[in-house]
Number of protein chains: 2
Amino acid sequence: MDLLTEKFAKLGVDSAPGQEKLQGETKLDLRGCRLPGTPVDFSHGDVDAFEPLPGSKEAFDAGYLEGGRQAYTEYRGSASIRVDVAEKLSAFTGAKIDPAKNVILTPGTQGALFLAMGAMAARGDRVAIVEPDYFANRKLAEFFECTIVPVQMRYFESEHESGLDLRELEEAFRSGVKLFLFSNPNNPTGAVYSDREIRQIAALARAYGVSLIVDELYSRQLFDGRGYTHLCALEEGPEEMVTIIGPSKTESLSGYRLGAAFGSEAVIARMEKLQAIVSLRAAGYCQAVFKVWFAEPEGFMERRILEHQAIRDALVKTFRAVPGVRVRPADAGSYLFVQLPPLDVSIGEFVKIVRRLADVTVTPGTEFGPGFTDSFRINFSQDKTAALAAVDRLLAVMERYRRS
Amino acid sequence: MDLLTEKFAKLGVDSAPGQEKLQGETKLDLRGCRLPGTPVDFSHGDVDAFEPLPGSKEAFDAGYLEGGRQAYTEYRGSASIRVDVAEKLSAFTGAKIDPAKNVILTPGTQGALFLAMGAMAARGDRVAIVEPDYFANRKLAEFFECTIVPVQMRYFESEHESGLDLRELEEAFRSGVKLFLFSNPNNPTGAVYSDREIRQIAALARAYGVSLIVDELYSRQLFDGRGYTHLCALEEGPEEMVTIIGPSKTESLSGYRLGAAFGSEAVIARMEKLQAIVSLRAAGYCQAVFKVWFAEPEGFMERRILEHQAIRDALVKTFRAVPGVRVRPADAGSYLFVQLPPLDVSIGEFVKIVRRLADVTVTPGTEFGPGFTDSFRINFSQDKTAALAAVDRLLAVMERYRRS
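Quick notes on the rules
- Residues numbered from 1 in each chain as written.
- Chains lettered and ligands numbered in written order.
- Predicted model: local features only at pLDDT ≥ 70, side-chain atom pairs only at ≥ 80, totals over all residues.
- Heavy atoms only, no water.
- Least-squares fit on C-alpha atoms with pLDDT ≥ 70 in both.
- Contact = heavy atoms within 4.5 Å.
- Pairing = 2+ DSSP bridges.
- Helix = DSSP H or I, 4+ residues; strand = E, 2+ residues; numbered from the N terminus.
- Buried area = accessible area lost by both parts, 1.4 Å probe.
- Salt bridge = Lys/Arg side-chain N within 4 Å of Asp/Glu carboxyl O.
- Polar contact = N/O pair within 3.5 Å; in protein donor to acceptor, adjacent residues only side chain to side chain.
- Phe/Tyr/Trp six-rings, centres within 6.5 Å; stacked < 30°, edge-to-face > 60°.
- Buried < 20%, exposed > 50% of the residue type's maximum accessible area, 1.4 Å probe, protein only.
- Lys NZ or Arg CZ within 6 Å of the ring centre and 35° of its normal.
- Axes fitted to C-alpha atoms, helices over the stretch in contact; angles between N-to-C directions.
- Domains from an automatic or database assignment.
- Nonpolar A, V, L, I, M, F, W, Y, C, P; charged D, E, K, R; others polar.
- Expected span 1.5 Å × (residues − 1).

1. Concerning the relation of the copies chain B and chain A
Thinking step 1. Expressed as a screw transformation, the operator carrying chain B onto chain A has a rotation angle of 180 degrees and an axial translation of 0.0 Å, and the superposed copies differ by an RMSD of 0.0 Å. In the structure described here, the two chain copies are related by an operation that fits a two-fold rotation axis.
Thinking step 2. Of the interface residues in chain B, 100% have counterparts in chain A that sit at the interface too, so the contact is made through matching surfaces.

Structure representation (structure tokens):
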């Protein structure tokens, strides 16, 4: 097999969220009749149920009217918008961010993640990745021909911590890991790392000279008044690190494809060089939408968080009422990672069956680590009534496949 | 030097178009006083002088109103928009394009180029690149750790052809080149490949099993009623090829970051896998703007082409009036690649000096190939009066540095 064939064989997208429509017609073990109801796509949030931040479209319109100046920004993003974003992210995280040196605007946080990996991980490097964690993390490591060193998160065994195995992490770092990439809150479980965990990750990274990429995409949507420690603000952090965040999730601005990365000057400089050949810049007119980020009307974010918390609670209750089904309530974000009892079909087949019989789309656990053959992820940023009914249908279908 | 340092050392962006603001203050051999006048940035087109296609903003607004369906498209782009784009590109080029298999929408043509290179060129592959050609082509080959095999274009020595050295191209193909990437019309010279040249490239690619990436970004803006042969429409083409095009140039839609690639099904599939980890998709709302592309009001494109042709003619006349200055009139597009007489300063210094003394930004020839130490590129999609005055200032500054 040639290099490219090998590389792309590892980069499947058929089961990736949002790609389900492209799945070919496979023969499935369909049991029982279709269950009617409003189709729900849990693979991503529903921006019709939770609308884009107020004023976002007006900000776009103003950007468009600026004309050429807004259409052609520096590759790292418009200078004046970087000033605004750096100030807001400094206030939010406590990190020092020089808009000229420490921040880059990207096409979505996916764009930021790709650039950060490309700037920090070379072919052959050992990269530590949490299991479970965001599916693209593994794919990126594979694309850049790195060796993945998995570290387990025991998310069912700890309540006020993420459950990351810190001894395993240190073992990985000792084995020569160059880069540790993780999401906090964790995607797919919604687990938030405790202050103790974050401080220990920072100390270990510094001690072993490991670089960090911290994906804080969902860090604004914390439930139950929970605390959150931004690693980037700690004195004891590592020499080289980048934090990634963006307005695509809680803020529902995904249609504009906006993200931001901030951190070490040298890494940001490399990320810009890479962005120059990857996509030039985040769409110029869209960059103007950053203005409404962290400038929401009073009470808006609090309300949005409470609404999500209520959906979480209702769904957790529903799942937990079913014998053999396990779920850890998300500390933050809008994902639930649900474990099922043994079934007669694989998780890949189950996901396709549920889509066919119940019009419900979920993402198989195996996207988040090879071992999660009994789990699936849902994004519960949905219309509450539709989401609850969809989960009822999913569970009804599940019963037809429960291994006896 | 470690792998990453080496890789990024080759990816300079300081002299890249649009990045000039980030250049540090260097000590320059400044001769004479500043020449006042309207600043002109020839590094890219001026979308205030040539406005975005009529109806583009309304198309965006409609996309925004579609909500979630438009915000979250498949990674390769919205299915219905792909149907529309495939139909329009089929009609334009004569190629057969199945919207389900042969086309992907990308964040700008830069995005398409990156994905195509990533999907078609593996580490260690030999990649043929024209000199001069678009600066990112070389950088992409270097990023993907390919070996660049340069092929010369003698653009001053041929009028109805590009002047590509086809014997050198065959030599390169015979030496084991895997991929040939070129822009037509050529960027930076504006030279259009003749029917004979295109047919021979196609035949050579097929004979030697070479894959092709043809960047047709400027192929709608042909001057003087010139013909144009789309390689993708030829029967005798190679097995694997991708054509790249987008509405950022003639159509002035750059602020939305839209591009498209079409071609071999297997390559498009790989490009989508790569897009999934690079940036997910072209901004969802922006994709809606594709609707106005190739659907311009009657006479609009013809008028725009004539306006550019008039600017080209006026600038060519101005340049040619100066002893030692050479320029080939662009057959298409909006670039001129101007050769200067021997100067006391390098082209890199000259470009910085002109920016400082005359408020005129141009791109040094060395971005388009290491040998072009006596040339610079301008994008003449500008306000005509301002552009002519700016070139006068540039030439006045030039005289102060002419080697005696």
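So much for the structure itself; the text now carries on.
2. What to know about the sheet that holds strand β12 (residues 363-364) of chain B
Residue and element names in this part refer to chain B.
Thinking step 1. Ordered by their spatial adjacency, four strands build an open sheet running β9-β10-β13-β12, and the pairing between neighbours is antiparallel. Every interior strand has two partners, whereas the edge strands, β9 (326-327) and β12, have only one.
Thinking step 2. One ladder, built from five bridges, connects strand β10 (residues 335-339) with strand β13 (residues 375-379); its direction is antiparallel. Along β13, the bridge assignment pairs F337 with R377.

3. Side note on the interface of chain B and chain A
The parts lose accessible area when they come together, and the size of an interface is often stated as this lost area.
Thinking step 1. Across the contact, 69 residues belong to chain B and 69 residues belong to chain A.
Thinking step 2. Buried area between chain B and chain A, both sides added, is near 6000 Å², and the carbon and sulfur share of it is 64%.
Thinking step 3. Interface area lost by chain B to chain A is led by F8, Y72 and I277 of chain B, which between them contribute 13%.
Thinking step 4. The interface formed by chain B and chain A contains four salt bridges.
Thinking step 5. Note that E145 of chain B and R123 of chain A form a salt bridge whose closest N and O atoms lie 2.4 Å from each other.
Thinking step 6. Inspection of the region where chain B meets chain A yields 20 residue pairs in polar contact (both at pLDDT 80 or more).
Thinking step 7. Of all the elements in the fold, those that place two or more residues in the side of chain B that touches chain A are α1 (3-9), α2 (56-66), α3 (68-71), α5 (108-120), α6 (135-143), α9 (265-278) and α10 (284-287) of chain B.
Thinking step 8. Here the side of chain B that touches chain A takes seven residues from α9 of chain B, the largest share from any one element.

4. Things to note about the packing of aromatic side chains
Thinking step 1. The tally for this structure, following the rule as stated, stands at 54 aromatic pairs over all chains.
Thinking step 2. Taken together, a centroid distance of 6.3 Å and an interplanar angle of 35 degrees make the contact between Y256 of chain A and Y64 of chain B tilted. Of this pair, Y256 of chain A sits in the loop between β7 (241-245) and β8 (259-263) while Y64 of chain B sits in helix α2, which puts the two residues in different chains.
Thinking step 3. Aromatic side chains F135 of chain B and F368 of chain B sit 5.8 Å apart centroid to centroid with 70 degrees between the ring planes, which places their arrangement in the edge-to-face category. With F135 of chain B in helix α6 and F368 of chain B in the loop between β12 and β13, this residue pair connects regions lying 233 residues apart in the sequence. In this structure, F135 of chain B and F368 of chain B share a single accessibility class: buried.
Thinking step 4. Site record: aromatic cluster; members linked through ring pairs are F60, Y64, Y256 and Y285 of chain A together with F60, Y64, Y256 and Y285 of chain B.
Thinking step 5. Just above the ring of F156 of chain A sits the side chain of R326 of chain A; from NZ or CZ to the centre is 4.0 Å.
Thinking step 6. A cation sits over an aromatic face here: K57 of chain B above Y64 of chain A, 5.8 Å from the ring centre.

5. Here we look at the sheet that holds strand β6 (residues 211-215) of chain B
All names here are of chain B.
Thinking step 1. Judged by pairing direction, the sheet is mixed, and its seven strands sit side by side in the order β2-β8-β7-β6-β5-β3-β4 without closing on themselves. A single partner strand is all that each edge strand has here, and the edge strands are β2 (103-106) and β4 (147-152). Averaged over all neighbouring strand pairs, the angle between strand axes comes to 20 degrees, with direction disregarded.
Thinking step 2. In the packing of α6 onto the sheet, the strands contacted are β3 (126-131), β4 and β5 (179-183), and the crossing angle to β3 comes to about 165 degrees.

6. Considerations on the domain arrangement of chain A
All names here are of chain A.
Thinking step 1. Here chain A is described as being made up of domain 1 (3-51 + 299-399) and domain 2 (56-292).
Thinking step 2. Its C-alpha centre places domain 1 at a distance of 25 Å from the equivalent point of domain 2.
Thinking step 3. The interface is formed by 37 residues belonging to domain 1 together with 34 residues belonging to domain 2.
Thinking step 4. Carbon and sulfur atoms supply 57% of the area that domain 1 and domain 2 bury against each other, a total of about 3300 Å² over both sides.
Thinking step 5. It is R328, D331 and Y335 in domain 1 that bury the most area against domain 2; as a group they hold 22% of the surface buried on that side.
Thinking step 6. For the pair domain 1 and domain 2, the interface holds four salt bridges.
Thinking step 7. Across the pair E145 and K7 runs a salt bridge, and its minimum N-O distance is 3.5 Å.
Thinking step 8. Within the residue set of the side of domain 1 that touches domain 2, elements represented by two or more residues are α1 (3-9), α11 (300-320), β9 (326-327), β10 (335-339) and β13 (375-379).
Thinking step 9. Among the elements that line the side of domain 1 that touches domain 2, the one with the most residues is α11, at six residues.
Thinking step 10. In terms of residue class, the side of domain 1 that touches domain 2 is made up of 18 nonpolar, nine polar and ten charged.

7. Regarding the pairing of β5 of chain B
Residues and elements named next belong to chain B.
Thinking step 1. With respect to burial, β5 is a largely interior element, five of its five residues being buried.
Thinking step 2. Direction of pairing for β3 relative to β5: parallel, over a ladder of three bridges. Within β5, the position partnered with A128 by the bridge is F180.
Thinking step 3. By the bridge criterion, five bridges tie β5 to β6 in an arrangement that is parallel. Looking across to β6, one finds that L179 is bridged to S211.

8. Points about helix α8 (residues 195-208) of chain A
Thinking step 1. Counted at 1.5 Å a residue, the expected span for α8 of chain A with its 14 residues is 20 Å, and the 20 Å between its end C-alpha atoms agrees.
Thinking step 2. Where α8 of chain A is buried, its residues contact α7 (166-174), β5 (179-183) and β6 (211-215) of chain A.

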